[in-house]
Amino acid sequence: MTSVARPAPRRLAAFAVPSEPGNERLALARVAEAVAASGLPPARLERLKTAVAEATMNAIEHGNRGRPEVPVDVEVTQEGDDIVVAITDLGGEHAPPGPAEEPDLLLKLEGEQQARGWGLFLIRNMVDAMQVRTDGPRHTIQLTMRGGGATPVPHSGGLEGGGHEEEL
Amino acid sequence: MKKSCEAAVHAVGGTAVIELTGEVDGGAAGVLNAAYEQAVGSGDPGTVVLDFARVGYINSTGIALIVSVLARARAERRKVVASGLSEHYREIFDITRLSDFIEVFGDLDTAVSQLAGPAA
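Analysis parameters
Residues numbered from 1 in each chain as written. Chains lettered and ligands numbered in written order. Predicted model: local features only at pLDDT ≥ 70, side-chain atom pairs only at ≥ 80, totals over all residues. Helix = DSSP H or I, 4+ residues; strand = E, 2+ residues; numbered from the N terminus. Contact = placed C-beta atoms within 7 Å. Pairing = 2+ DSSP bridges. Axes fitted to C-alpha atoms, helices over the stretch in contact; angles between N-to-C directions. Nonpolar A, V, L, I, M, F, W, Y, C, P; charged D, E, K, R; others polar. pLDDT = per-residue confidence, 0-100. Buried ≥ 20, exposed ≤ 12 C-beta atoms within 10 Å, placed from the backbone. Arc of directions from axis to C-beta.

**Some thoughts on the overall build of chain A**
Link 1 in the chain: Scanning chain A from N- to C-terminus turns up four helices and five strands.
Link 2 in the chain: Reading the helices (α) and strands (β) of chain A from amino to carboxyl end gives β-α-α-β-β-α-α-β-β.
Link 3 in the chain: Partitioning the contacts of chain A with sequence separation of at least 6, the portion at a separation of at least 24 is 70%.

**Brief notes about the sheet that holds strand 3 (residues 47-58) of chain B**
Residue and element names in this part refer to chain B.
Link 1 in the chain: In space, the five strands of this open sheet follow the order 1-2-3-4-5, with mixed pairing throughout. This sheet does not close on itself; its edge strands, each paired only once, are strand 1 (6-12) and strand 5 (103-105). Within the sheet, the average angular offset between the axes of one strand and its neighbour, ignoring direction, is 25 degrees.
Link 2 in the chain: Relative to strand 3, strand 2 (residues 15-24) runs parallel, the two sharing nine bridges. Residue pairing across strands places Glu23 opposite Tyr57, the latter belonging to strand 3.
Link 3 in the chain: Set on the sheet, helix 1 (residues 29-41) makes contact with strand 1, strand 2 and strand 3; between it and strand 1 the angle comes to about 15 degrees.

**Thoughts on the interface of chain B and chain A**
Link 1 in the chain: Across the contact, 19 residues belong to chain B and 17 residues belong to chain A.
Link 2 in the chain: Going through the elements one at a time, helix 2 (60-75), helix 3 (87-95) and helix 4 (98-101) of chain B are the ones with two or more residues in the side of chain B that touches chain A.
Link 3 in the chain: Of all the elements, helix 2 of chain B adds the most residues to the side of chain B that touches chain A, at nine residues.
Link 4 in the chain: Taken together, the residues that form the side of chain B that touches chain A break down as nine nonpolar, six polar and four charged.

**Comments concerning unusual backbone geometry**
Outside of glycine, negative phi angles account for most residues, and trans bonds account for most peptide bonds.
Link 1 in the chain: Phi at A:Arg65 takes a positive value of approximately 50 degrees, unusual for a residue other than glycine.
Link 2 in the chain: The residue A:Arg65 is located in the loop between helix 2 (42-63) and strand 2 (71-79) in this model.

**Comments concerning the confidence of the model for chain A**
Link 1 in the chain: Summary statistics for chain A give a mean pLDDT of 86 and a share of 82% for residues scoring 70 or more.
Link 2 in the chain: Note that residues 156-168 of chain A has pLDDT below 50 and, in this model, 16 contacts with residues that lie over four places away or in other chains.

**Here's the deal with helix 3 of chain B**
Each α-helix turn comprises 3.6 residues. Residues three or four places apart therefore point the same way.
Residues and elements named next belong to chain B.
Link 1 in the chain: Within the span of helix 3, buried status applies to Tyr89, Ile92 and Phe93. Buried residues along helix 3 cover an arc of 105 degrees about the axis, so they all sit on one side.
Link 2 in the chain: Packed against the buried residues of helix 3 are strand 3, strand 4 (79-83), helix 4 and strand 5.
Link 3 in the chain: Residue Arg97 follows helix 3 closely and has a positive phi angle near 75 degrees.

**Structural notes on the sheet that holds strand 1 (residues 10-18) of chain A**
Neighbouring strands of a sheet are bound in pairs by backbone hydrogen bonds; such pairs are parallel or else antiparallel.
Residue and element names in this part refer to chain A.
Link 1 in the chain: Taken together, five strands build an open sheet; the order of strands is 1-2-3-5-4 and the sheet is antiparallel. Here the strands that pair on one side only, and so sit at the sheet edges, are strand 1 and strand 4 (129-135). Across the sheet, the mean angle separating the axes of adjacent strands is 15 degrees when strand polarity is ignored.
Link 2 in the chain: Judged from the seven bridges that link them, strand 2 and strand 3 (residues 82-89) form a sheet pairing that is antiparallel. The residue of strand 3 that forms the bridge with Asp73 is Thr88.
Link 3 in the chain: Along the sheet face, helix 1 (residues 23-34) touches strand 1, strand 2 and strand 3 and points at about 165 degrees away from the line of strand 1.

What follows is the structure, given as structure tokens:
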């Protein structure tokens, strides 16, 4: 049996943003800059930017509870052809924001679900894999965009990948 | 860096047009709701066009605002259509199923001409 060695992960960027409203735009711009030379097709870059913005917004609002002095850490890594973005807040293990159920537009239009609650849904549908892990106070959402132009299928509730995961 | 949402409202025949500029996020709530009020406040339009050609960013809270506008319009038996969405936000309209309820046109001129029907 032969095995193909996988290249060591290469860090493209690591930075922190204060937990202030609107700083998700800062994070998505920095991530876009970091992956500019990675060859990620423009449509998939837009997907990654949306996922990063939503995950950072959740970290600011629900993890760090909008305390500017508490940073959201962002690390961008290239693993082979894959781009991996890890977004960490210091909120420890916390429930995902918004309603527990999947957003249903018809129910929202009929007033049976609140209009909000699209953030995690968008994240799941924008990237190829999402993992969540908690290590003490550090709560990390890891987003993976695979190289080679894979198209994410609409999310049906599961999570992909190894490590400690929590059901969202 | 942040570009606050602005809206310009005008009427074309029986259609109200809301041209949005900037970012559609939580900060756009007041602007979007006021624009909708203005759009339906005169002439009782049957259709409201939301034009996104000058919108560079829509987040999940912005999607929720659009859902709220759509819910209100449906309750008032008005149609909502969209124009000028980028390919990315067009995809998000598909994923969220907004495009099942909001007809999407490539640009505002096309939307207005289609809504006006064939020329006499």
